[in-house]
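As a plain string of letters, each chain reads:
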Amino acid sequence: MSVESARGVLRPPLPHDDLVALAAPTQARSEQDGTMAAGASHGLFHGDWRYASRIDVLVDGLPVESIATAEERDWTLFRCIAIEPGSGRPAPRVAVERMRQVHSGGMVERVTLVNGREEPIEALVELVCHVELAPVASLRAGSPEPVAVALELEGDEAIATDGSRTLRASSRGGHVRIEGSRVVVSHRARVAPGDWSGITLELDVADPTLPMHGVTDGLPCEAPLPTGRRALDRWATRAVDDLESLLLDAGHGAFPAAGAPWHMTMVARDALIACRLLLPLGAQLAEGTLRTLAARQGVQVDPATGEEPGRILQEMRQGATDPVRPGVEAHPVYAGSVDATPLWIVLLHDAWQAGLPLETVRELRTALHAALSWMDARSSSGFLACPEEPGMGIAGKGWQEDPHGLRFRPGEASIATAQVQALACRAAMGAARLLDALGDDGDPWRAWAERLRTRFRERFWVERRGTRFPAMALDARGRPFETLASDIGQLIGTTLLSRAEEVVVARLLLDERLSSGFGLRSMSTDDERYWPLAHYCGAIWPHDTAIAIEGLLRAGLADEARALAEQLERAADAFDGRMPEVYAGYGIDEAPAPVPHPSAGSLQAWSAASVVPVHAALAGRSSALQPIGAEPLLAALAPRSATSAPEPVQINATRARPHARAHLRLVTGSVPAP
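Every value quoted in this text rests on a predicted model; they were computed, and no experiment measured them.

Before we move on, can you summarise the overall build of the protein chain with the specific residues and values?
Regarding its fold elements, the protein chain presents 14 helices and 31 strands. Look at the contacts in the protein chain between residues 6 or more apart in sequence, and 67% of them connect residues 24 or more apart.

What follows is the structure, given as structure tokens:
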């Protein structure tokens, strides 16, 4: 990617095709051949900051020529050849092997010069690290805002710091020097015929402001047992690896970071949905997510962050680096979503059903009551509404994070979406069961859910061009948005709809206006605002389709679930098993393969987790997702001992502790009827 030097602005980042080496919260991103261009999505990242914008490999002052890339679980190897200094032509008998390894808190770039000639060679090998500390938010906007950095040599190390964050550069086999804002590691190699010589660039980062750390202990995940479906098996295997790489811990157990490169942090909506999709594999990752969010549940009214008593936060950040909108100062914690709180309640119930001990639920009882109180208070209009809060607007309230009038009318004070009503209904019913199990009275919440169903049936159902469907939302005056959107898939299996209504919605999901052949379009093709590359007005979000599949299975609509699952399987195959955050809404009749979205993140937790309902829909009873005996399958944590028990849940706690990983496995077996 080129830099527009006249303006000082980077070309907008296009991370969808980056090669990613990740061990949360650290990631290294580059072109597929290992080169790091002067682009916003390349370099070494840790948390919400980029520490190095590029790393170059030079032999006798010239870049090497890449010929092949090999990715393994823990490292990536780039095979290259040197360039003849005089002629500028490749020197095929002088091989350069560039190996990259990323760990939580740093990376190692190892360069090896291999002599295939019959005579000795001598060459200057250099690794050049361009130091730049810049917040991720500015990179995402295409306008990097690097902070001032002091870069000095201390013995054999080069140390860069902004007074808080620190980057340390060292080498084995090389000499370290500083050239302006660059750290250069060099070695004059003398290599005999058939021999090799190598050096390393070792980068370690430290950031005391980061409220979370990587989960690095424990055994690696095992490969899934085969289903006989090549594309599905490849997707499942890669999804398991990606999810393990995304694990973080903020002191109360592991949770999945939302995704790379922009959201290497807790985003509650993403984490809660991902954990819910993963529940057939076990409840332990859900437990860490539930505890982490309960510890930071709102206790007071704070208009600056959206905090309210009982409200579950939406996002944790290191600092004021990611404005909610231009001109608005961001805060380390942002609570301004309408769906995180009911999502938390739903996950607590579903995790309990999946094996989370009742005693653990009892420990979260206070948080449950507080969340229910917030949900009830926010439903004074009869629906769980999405308010416009001072200084925050409506962005981020639901999973469609940036409507900007594409789906909503500007200036609305309160919007009630259909998808959120479904969540609220499901949360109320789940809470009723939890309260009964805890010895409380769940009947008031059953009645609450029934009243919501009645109001929804009266107010949300609309008819347009001969098609009857639930409106996407009601505005502040109760007027429906008569838009047919993929959101209707998230209503099935929540008890919001009757059986007959679920059948109507299921048929609409397979209508070619929504069903692309690669998943559900976020908006129907006959809507005037539809555009296949518009994030929420036509593009395809894999997790959105996966939630619909999960609901269809829960409602017993297996044929429809299978049809949608085959579409996601087809898309995952085209993306080599790594499902991106979002891709274009072009249909299978318009393109032979799904069209990448240029701003899509990769890796993404909820996209990876989408493989689980797809697996259940396609494998059926003969090959489903089930535990192997008593072994936890999605084990973000190793079995706890008395010395490794989770911290007690404390409101706004921030203390961190290490945690171990265990196995995640997809296995064959039987699945209970929905």
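Following the structure, the description resumes.
I'd love a proper account of the pattern of salt bridges, names of residues and values included.
Scanning the model with the defined rule gives 45 salt bridges in all. We note a salt bridge from R190 to E122, for which the minimum N-O separation is 3.5 Å. Linking R190 in strand 17 (residues 182-191) with E122 in strand 12 (residues 121-135), this pair joins segments that are 68 residues apart in sequence. Among the residues examined, R190 registers a relative accessible area of 61% and is labelled exposed. A relative accessible area of 46% places E122 in the partly exposed class. Of the charged contacts, one joins R276 and E550 as a salt bridge, the two residues approaching to 3.2 Å between their closest N and O atoms.

Explain the sheet that holds strand 18 (residues 196-206) to me, and be specific about the residues and the numbers.
If you walk across this open sheet you meet the eight strands as 8-9-10-11-18-15-14-13, and the pairing is antiparallel. Each edge of the open sheet carries a strand with a single partner, namely strand 8 (65-71) and strand 13 (150-154). Taking the axes of each pair of neighbouring strands and ignoring which way they run, one obtains an average angle of 20° across the sheet.

Report on the sheet that holds strand 19 (residues 213-214), specifying residues and quantitative values.
Spatially, the three strands line up as an open sheet ordered 19-21-22, and their pairing is antiparallel. Looking at strand neighbours, the two that pair on one side only are strand 19 and strand 22 (254-256), the edges of this open sheet. Two strands pair when backbone bridges link them, and strand 21 (residues 247-249) and strand 22 are joined in this way by three bridges, in the antiparallel orientation. When the sheet's bridge partners are listed, D249 is paired in strand 22 with A254. Each of strand 21 and strand 22 touches helix 4 (residues 284-294); the most contacted strand, strand 22, lies at about 95° to it.

Residues and numbers for the packing of helix 7 (residues 365-377) against helix 8 (residues 418-437), please.
One can describe the packing of helix 7 onto helix 8 by two numbers: an axis separation of 11 Å at closest approach and a directional angle of 145°. Remark: the crossing between helix 7 and helix 8 carries left-handed chirality. Counting all contacts with helix 7, which are made through L368, H369, L372 and M375, the residues of helix 8 involved are A424, A427, A428, A431, L434 and L435. Across the contact of helix 7 with helix 8, the residue classes tally to nine nonpolar, one polar and no charged.

Outline the environment of S486, listing residues and values.
As for its position among the elements, S486 is in the loop between strand 30 (480-481) and helix 10 (499-509). Between the alpha carbons of S486 and G538 there is a distance of 9.2 Å; along the sequence they are 52 residues apart. There is a polar contact of 2.3 Å between the side chain of S486 and the side chain of D544.

Describe in detail the nonpolar core, supporting the description with residues and values.
In terms of nonpolar packing, the biggest core is built from 139 residues, with W344, L368 and M375 touching the most fellow members. A per-element tally of this core places helix 8 first, with 13 residues. Those residues in contact with L368 that lie beyond four places of it in its chain are W344, I345, L348, A431, L434, L435 and L438. With 43 residues, the next largest nonpolar core counts A52, M107, V125 and A169 among its residues.

Describe empty space enclosed by the protein, with residues and values.
In the structure shown here, the tally under the stated rule is five cavities of 30 Å³ or more. If you add up the space inside the largest cavity, you get close to 110 Å³. If you go around the largest cavity, you meet 15 residues; those closest to its centre are R276, L423, Q490, T494 and I547. Going through the elements one at a time, helix 3 (268-277), helix 8 and helix 11 (542-554) are the ones with two or more residues in the lining of the largest cavity. Here the residues of the lining of the largest cavity are counted per class, giving six nonpolar, five polar and four charged.

So what's going on with the side chain of D544? Which residues, and what values?
When you line up the elements, D544 lands in helix 11. A distance of 2.7 Å separates the side chain of D544 from the side chain of Q490, its partner in a polar contact.

Residue-level account of the environment of V128, with values.
One can find V128 in strand 12. Its relative accessible area of 4% is what places V128 among the buried residues. Taking the C-alpha atoms as reference, V128 lies 4.6 Å from V184; in sequence the two are 56 residues apart.

Conventions adopted
- Residues numbered from 1 in each chain as written.
- Predicted model: local features only at pLDDT ≥ 70, side-chain atom pairs only at ≥ 80, totals over all residues.
- Heavy atoms only, no water.
- Helix = DSSP H or I, 4+ residues; strand = E, 2+ residues; numbered from the N terminus.
- Contact = heavy atoms within 4.5 Å.
- Salt bridge = Lys/Arg side-chain N within 4 Å of Asp/Glu carboxyl O.
- Buried < 20%, exposed > 50% of the residue type's maximum accessible area, 1.4 Å probe, protein only.
- Pairing = 2+ DSSP bridges.
- Axes fitted to C-alpha atoms, helices over the stretch in contact; angles between N-to-C directions.
- Left-handed = near helix turned anticlockwise from the far one by under 90°.
- Nonpolar A, V, L, I, M, F, W, Y, C, P; charged D, E, K, R; others polar.
- Polar contact = N/O pair within 3.5 Å; in protein donor to acceptor, adjacent residues only side chain to side chain.
- Core = buried A, V, L, I, M, F, W, Y, C linked by side-chain atoms within 4.5 Å.
- 1 Å grid on protein atoms, 1.4 Å probe; cavity = no way out; pocket = protein on both sides within 12 Å on 5 of 7 lines; lining within 4 Å.
- Points joined across faces, edges and corners; volume = space filled by probe spheres on them.

Interpretation note: all reported values are geometric properties and have no functional meaning in isolation.
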